[in-house]
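Results of the structural survey
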Amino acid sequence: MDRAPALPRPALPGHTRAARARSGRTGFWAAIAATALSLTFAGAGPASAADVNNAKNAGFESALTNWTCSAGSGTTVSSPVHGGAAALKATPAGQDYAQCSQTVAVKANSTYTLSAWVQGSYTYLGVTGTGTTDVSTWTPNTSWTQLSTTFTTGASTTSVTVWTHGWYGQPAYYADDFSVYGPDGGGGGDPAPTVPAAPGGLAVSGTTSSSVSLAWNTVSGATGYNVYRDGTKVTAVTGTSATVAGLTASTSYSFQVTATNAAGESAKSTAVTGTTAATGGGGGGGGTVPKHAVTGYWQNFNNGATVQKISGVPDQYDIIAVAFADATTTPGAVAFNLDSAGLGGYSVDQFKADIKAKQAAGKKVIVSIGGQNGTISVSDSASAANFANSVYSLMQTYGFDGVDIDLENGLNATYMTQALRSLSAKAGASLVITMAPQTIDMQSTSNSYFQTALNIKDILTVVNMQYYNSGSMLGCDGKVYSQGSVDFLTALACIQLQGGLSPSQVGLGLPASTSGAGSGYVSPTVVNNALDCLAKGTNCGSFKPSKTYPDLRGAMTWSTNWDASSGNAWSNAVGPHVHALP
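Please read all numbers here as calculations on a predicted model, not as lab measurements.

Conventions and cut-offs
- Residues numbered from 1 in each chain as written.
- Predicted model: local features only at pLDDT ≥ 70, side-chain atom pairs only at ≥ 80, totals over all residues.
- Heavy atoms only, no water.
- Helix = DSSP H or I, 4+ residues; strand = E, 2+ residues; numbered from the N terminus.
- Buried < 20%, exposed > 50% of the residue type's maximum accessible area, 1.4 Å probe, protein only.
- Contact = heavy atoms within 4.5 Å.
- Areas by Shrake-Rupley, 256 points an atom, 1.4 Å probe, with all protein chains shown as cover.
- Salt bridge = Lys/Arg side-chain N within 4 Å of Asp/Glu carboxyl O.
- Pairing = 2+ DSSP bridges.
- Axes fitted to C-alpha atoms, helices over the stretch in contact; angles between N-to-C directions.
- Expected span 1.5 Å × (residues − 1).
- Parallel < 35°, antiparallel > 145°, perpendicular 65-115°, else oblique.
- Left-handed = near helix turned anticlockwise from the far one by under 90°.
- Nonpolar A, V, L, I, M, F, W, Y, C, P; charged D, E, K, R; others polar.
- Phe/Tyr/Trp six-rings, centres within 6.5 Å; stacked < 30°, edge-to-face > 60°.
- Lys NZ or Arg CZ within 6 Å of the ring centre and 35° of its normal.

**With respect to the overall build of the protein**
Helix and strand content of the protein: 9 helices and 30 strands. For the protein, buried positions account for 54% of its 582 residues. The long-range share in the protein, meaning contacts at least 24 apart out of those at least 6 apart in sequence, stands at 73%. For the protein, the accessible surface area stands at approximately 21,100 Å², while carbon and sulfur atoms represent 50% of it.

**Digging into the pattern of salt bridges**
If you walk through the whole model with that rule in mind, you get 5 salt bridges. In this structure, Lys358 engages Asp315 in a salt bridge whose closest nitrogen and oxygen atoms are separated by 3.6 Å. Of this pair, Lys358 sits in helix 2 (residues 348-360) while Asp315 sits in the loop between strand 20 (293-299) and strand 21 (319-327); the two residues are 43 residues apart in sequence, bridging distant segments of the chain. Its relative accessible area of 8% is what places Lys358 among the buried residues. The class for Asp315 is exposed, based on a relative accessible area of 56%. Between Asp318 and Lys363 there is a salt bridge; the shortest N-O distance is 3.8 Å.

**Let's talk about the sheet that holds strand 12 (residues 203-207)**
Ordered in space as 12-13-16, the 3 strands form an open sheet in which the pairing is antiparallel. In this open sheet, the two strands that pair with only one neighbour each are strand 12 and strand 16 (241-244). Shown here is a sheet whose adjacent strand axes are inclined to one another by a mean of 25°, direction ignored. Judged from the 4 bridges that link them, strand 12 and strand 13 (residues 212-215) form a sheet pairing that is antiparallel. By the bridge assignment, Thr207 is partnered in strand 13 with Val212. Each of strand 13 and strand 16 is contacted by helix 4 (residues 413-427), which is oriented at about 75° to strand 16, the strand it contacts most.

**As for helix 6 (residues 486-498)**
Taking 1.5 Å as the rise per residue, helix 6 with 13 residues should run 18 Å; its terminal C-alpha atoms sit 18 Å apart, in good agreement. Burial within helix 6 is extensive, with 12 of its 13 residues counted as buried. Of all the residues in helix 6, the buried ones are Val486, Asp487, Phe488, Leu489, Thr490, Ala491, Leu492, Ala493, Cys494, Ile495, Gln496 and Leu497. Against helix 5 (448-455), strand 26 (462-466), strand 27 (473-474), strand 28 (480-481), strand 29 (506-511) and helix 7 (524-536) lie the buried residues of helix 6. Looking at the residues trailing helix 6, positive phi occurs at Gly500, about 125°.

**A look at the pairing of strand 15 (residues 232-237)**
Looking at chain direction, strand 14 (residues 224-229) and strand 15 are connected through 5 bridges and run antiparallel. Across the sheet, Val227 pairs through a bridge with Thr235, a residue of strand 15. Between strand 14 and strand 15, which pair antiparallel one after the other, the connecting turn spans 2 residues, and Asp230 there sits at a positive phi close to 50°.

**Focus on the packing of helix 6 against helix 7**
In a pair of packed helices, the angle between the axes and the distance between the axes together describe the arrangement. Running from amino to carboxyl end, helix 6 crosses helix 7 at an angle of 40°, the nearest separation of the two axes being 9 Å. Judged by the angle between their axes, helix 6 and helix 7 are oblique. Of the two possible hands of crossing, helix 6 and helix 7 adopt the one that is right-handed. Judged by residue contacts, Val486, Leu489, Thr490, Ala493 and Leu497 of helix 6 engage Val526, Val527, Asn529, Ala530, Cys533 and Leu534 from helix 7. For the contact of helix 6 with helix 7, the per-class residue count stands at 9 nonpolar, 2 polar and no charged.

**A few points about the packing of aromatic side chains**
Within the structure shown, the criterion is met by 26 aromatic pairs. Plain terms: the ring middles of Tyr112 and Phe151 are 5.5 Å apart, the flat faces sit at 15° to each other, and that makes the pair stacked. Of this pair, Tyr112 sits in strand 6 (residues 111-119) while Phe151 sits in strand 9 (residues 145-152); the two residues are 39 residues apart in sequence, bridging distant segments of the chain. When sorted by exposure, Tyr112 lands in the same class as Phe151, which is buried. With centroids separated by 5.8 Å and ring planes inclined at 15°, the aromatic side chains of Phe324 and Trp558 adopt a geometry described as stacked. Remark: Trp558 occurs in strand 30 (residues 554-558) and Phe324 occurs in strand 21; sequence separation between them is 234 residues. Both residues of the pair, Phe324 and Trp558, belong to the buried class. Ring pairs connect the aromatic residues Tyr97, Tyr122, Tyr124, Trp138, Trp167 and Tyr168, which therefore count as one cluster. Lying across the ring of Tyr228, Lys268 places its NZ or CZ 4.3 Å from the centre. Over the ring of Tyr346 we find Lys309; its NZ or CZ atom is 5.4 Å from the centre of that ring.

So this is what it looks like as structure tokens:
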């Protein structure tokens, strides 16, 4: 979501650094969706017995020893880490994209596997000086992800430079557990890892009718953990907690956990039994949200759109998302500060009274976290607890009904799930949870945003994906669709509907006017046609879903303010149509 008319930002990998008219994802993602990148993601073949990890201080346990970071951009942190007690944190600034590198001794005419665990909006891994073909790879994943590629040294190559970096204008990235695995280059490296011990302290930390949450103690030397249900592996995580979803109500399951690293997998932990609750689940949370609902973002700032009080938001809006809460100096914690001066003297007392009046009229008012400029990071158990506690405090202070997750710089599925479940435990069944991912965030169930939505399916109200500032994307039929059409809305919504979300948890997010986004505006008629296509099978474009979804939740817009600037044309047209769906 845009807080203000956006400043030009640099283009992303593979593009020139030309200015973009507004913030948000652009057609860059269309290239990802439509073509294969010329970067290597494949791992190497079997290693020989003499192969070693030739990288030194591969886990940053000795600070930045053996590493050099451009412009002083790198440091080491104790959280988040992938393994051990430390990891690299490097922050791009200006024209510097925070490259950290190490020169590694290698053997000539030999093949090596370069790998590292990374997390960040755009994180790269590569090697130069191979004497043959230098290679690189990258990921946009903001949870721990292992990058891996292979290279072969030339006839006279005795050393190479391995490197990692972020990208211009992006937040800090993290890297840990580097490996340059292959024949011993003679330069020395870190000792080979040993198989970790079995995890201790496994316990059930929460249950719903369709999920069981688990937690366990950290294992020294572990870089990940596998979770087993009734003897079968069901998920792998990097932290010390996990939620196993998709379970049957009123059913007991046995769970065990193992610790893993490059040396192998530990023995299984002592088993614990988790029993799902008897009722609930599946349909999501949200208390008395209408079957078909319209969500609108209300701007707590003046960016040229009509300045509104909460009382001025039209009755067509069922869920009002107050944008935005802001990060604090405490990791994961958020705060809300009403912009009284920017909103014409709107007082906190009147703001609270207006929220109560909307609630008395059957509306939900929630606080939105993130937006275009949001930098909230929930990346470990401590920050997850801070997030839940601070959001719940805002709910008590202002009377908010819940929270909207609009983190456009990515999120960590493990710890955001933990945070939202903790918030749910505090707030109860009436909690409203909405999400506003960008189109790239919901292309696959393996994406962190999609994972989070599925992890909290039993307490999730609706996902209103932003079908704008996007460019072209893949639909559920594997075809590429351009934004600005009925087909773009229906074929991309189909991914969520087929990927595990309930139809009641799917909404269509569009700008209220051409001023509300850099690209992707469509007329209310197009929005209504897309709703009809998905819910009733009518008014479709060339794409027609294989079935109808009459329980589709509805639509969302950015913003109620931009809608007001256009005479409320969007809500006057889309609102009654949503409420008349079957």
